[in-house]
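Structural features, examined
Next come the chains, spelled out residue by residue.
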Amino acid sequence: MTKKKYKAAVIGSGNWGSVAAKLVASNTLNLDSFHDEVRMWVFEETLPNGEKLTDIINITNENIKYLPGIKLGHNVVADPDLEHAVEDANMLVFVTPHQFIEGICKRLVGKIKGGVEAISLIKGMEVKTEGPCMISSLINKQLGVNCCVLMGANIGDEIAMEKFSEATIGYREDKEVAQRWVQIFGTPYFRVSAVRDIEGVELCGTLKNVVAIAAGFVDGLEMGNNAKAAIMRIGLNEMKAFSKLMFPSVCDNTFLESCGIADLITTCLGGRNRKVADAFARSGGKRSFHELETELLQGQKLQGVITAGEVYEVLCQRGWQESFPLFRTVHLICIGCAPPSAIIQQS
Ligand SMILES: NC(=O)c1ccc[n+]([C@@H]2O[C@H](COP(=O)([O-])OP(=O)(O)OC[C@H]3O[C@@H](n4cnc5c(N)ncnc54)[C@H](O)[C@@H]3O)[C@@H](O)[C@H]2O)c1
């Protein structure tokens, strides 16, 4: 019998976190070198009926708040204790909204053993005084673990229903590790490929959320499909230019992978950033993003508005504002310094 060398744990249990746990758990059952059980760390919440989310997940095998109606797999175990959830695991999947990852890493410092591999499914970046830091680098620096990324045209609810989708894994050097991640995420309905361009893949996943906000404004203003396609084209160009200025090693081909053009299209057509920005524009910019997020997303988090602010900070730090009119304008609209219609006039 093959020795079970690998144990996976998922850190995060929102919509995408729950789907990630389902995907991984469906594979660990069939891979001899993996332990069957997949622990999923849950940021504990008390539901309106007084029950704990973790208990409900373990009793019903469903995350009734973030992914209702979908069985996660009997080998997924929800755990509200972060340290306990990662104990003994040597393949860590990070999948939380990006604003929480720094605090989570701080709690894990010194708790991760040698030989652990990580992957981040998180879209976003942290901007510090010394410059921007991608989430995979933050995990790598804080925890001393190698960290790949997985991004793609992945609306969680569709993959949960096992509808066909593709994704891209970005890795730095170790192709063998990347292939192991391909093995534990890939299924016949979730086709995963790996490319050696970690920064390119991660920046695609991060920046497309800003373009999706712009697409939502265009929808809310009822400007039509041609205008939306124009926003997507301009947005893709800015994504590419920004990524290459930040990291000259970023490859052109990465923008043609699932993490690039495909994710941009799906997010601009169907994602949550588009949806909330649409409502914002329809209110004439009078309702706040925070209010709309609470009303429309039922606990899910909006990433694009925060990312637009982070990108704007980088543009200011580096004097690049003039070269990125779409990114700049999205942020100015989000903070109320320009009307939603500026998205077309100024981009
Ligand atoms: N949902 C998707 O379709 C999708 C697809 C691809 C990538 N992503 C990315 O995956 C990442 C995770 O998103 P998601 O959809 O799983 O989450 P989500 O927005 O559905 O849920 C929010 C999560 O944050 C948790 N949370 C709330 N406050 C917290 C705190 N203080 N500390 C830690 N956790 C807290 C909640 O319990 C919940 O699990 C994001 O970067 C997102 O961009 C999402």
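Keep in mind that this is a model prediction, so the values were computed, not measured.

Thresholds applied
- Residues numbered from 1 in each chain as written.
- Predicted model: local features only at pLDDT ≥ 70, side-chain atom pairs only at ≥ 80, totals over all residues.
- UniProt positions renumbered as here; feature names shortened; annotations may be inferred.
- Helix = DSSP H or I, 4+ residues; strand = E, 2+ residues; numbered from the N terminus.
- Pairing = 2+ DSSP bridges.
- Axes fitted to C-alpha atoms, helices over the stretch in contact; angles between N-to-C directions.
- Buried ≥ 20, exposed ≤ 12 C-beta atoms within 10 Å, placed from the backbone.
- Arc of directions from axis to C-beta.
- Contact = placed C-beta atoms within 7 Å.

**Notes on the UniProt feature "domain: Glycerol-3-phosphate dehydrogenase NAD-dependent N-terminal" (unreviewed entry) in the protein chain**
When the UniProt feature table is mapped to this numbering, "domain: Glycerol-3-phosphate dehydrogenase NAD-dependent N-terminal" (unreviewed entry) covers residues 7-175. Taken end to end, residues 7-175 is 30% helix and 24% strand, and its two terminal C-alpha atoms sit 19 Å from one another.

**As for the UniProt feature "domain: Glycerol-3-phosphate dehydrogenase NAD-dependent C-terminal" (unreviewed entry) in the protein chain**
UniProt's entry tags residues 197-344 with the feature "domain: Glycerol-3-phosphate dehydrogenase NAD-dependent C-terminal" (unreviewed entry), counted in the numbering of this structure. Between the C-alpha atoms that bound residues 197-344 there is a distance of 32 Å. The span itself is 72% helix and 0% strand.

**Description of the pairing of strand β6 (residues 125-128)**
It is a general feature of regular strands that their side chains alternate between the two faces of the sheet. Note that β6 and strand β7 (residues 131-134) share four bridges and pair antiparallel. From the neighbouring strand, Lys128 faces β7, where its bridge partner is Gly131. Between β6 and β7, which follow one another and run antiparallel, lie two residues.

**Quick notes on the sheet that holds strand β10 (residues 190-195)**
A sheet is described by the order of its strands in space; here eight strands give the open sequence β3-β2-β1-β4-β5-β8-β9-β10, paired in mixed fashion. The outermost strands of the open sheet, each flanked by one partner alone, are β3 (76-79) and β10. Neighbour to neighbour, the strand axes of the sheet diverge by 25° on average, direction disregarded. One ladder, built from four bridges, connects strand β4 (residues 91-94) with strand β5 (residues 117-120); its direction is parallel. Considered in β5, the bridge of Val93 is made with Ile119.

**Quick word on helix α2 (residues 53-60)**
All of the buried residues in α2 are Leu53, Thr54 and Ile57. Buried residues of α2 fall within an arc of 100° about the axis and therefore sit on the same side. α2 presents Ile59 and Thr60 as exposed residues on the side facing more than 90 degrees away from its buried surface. Contact partners of the buried residues in α2: β3. Immediately downstream of α2, the backbone of Asn61 shows phi near 65°, a positive value.

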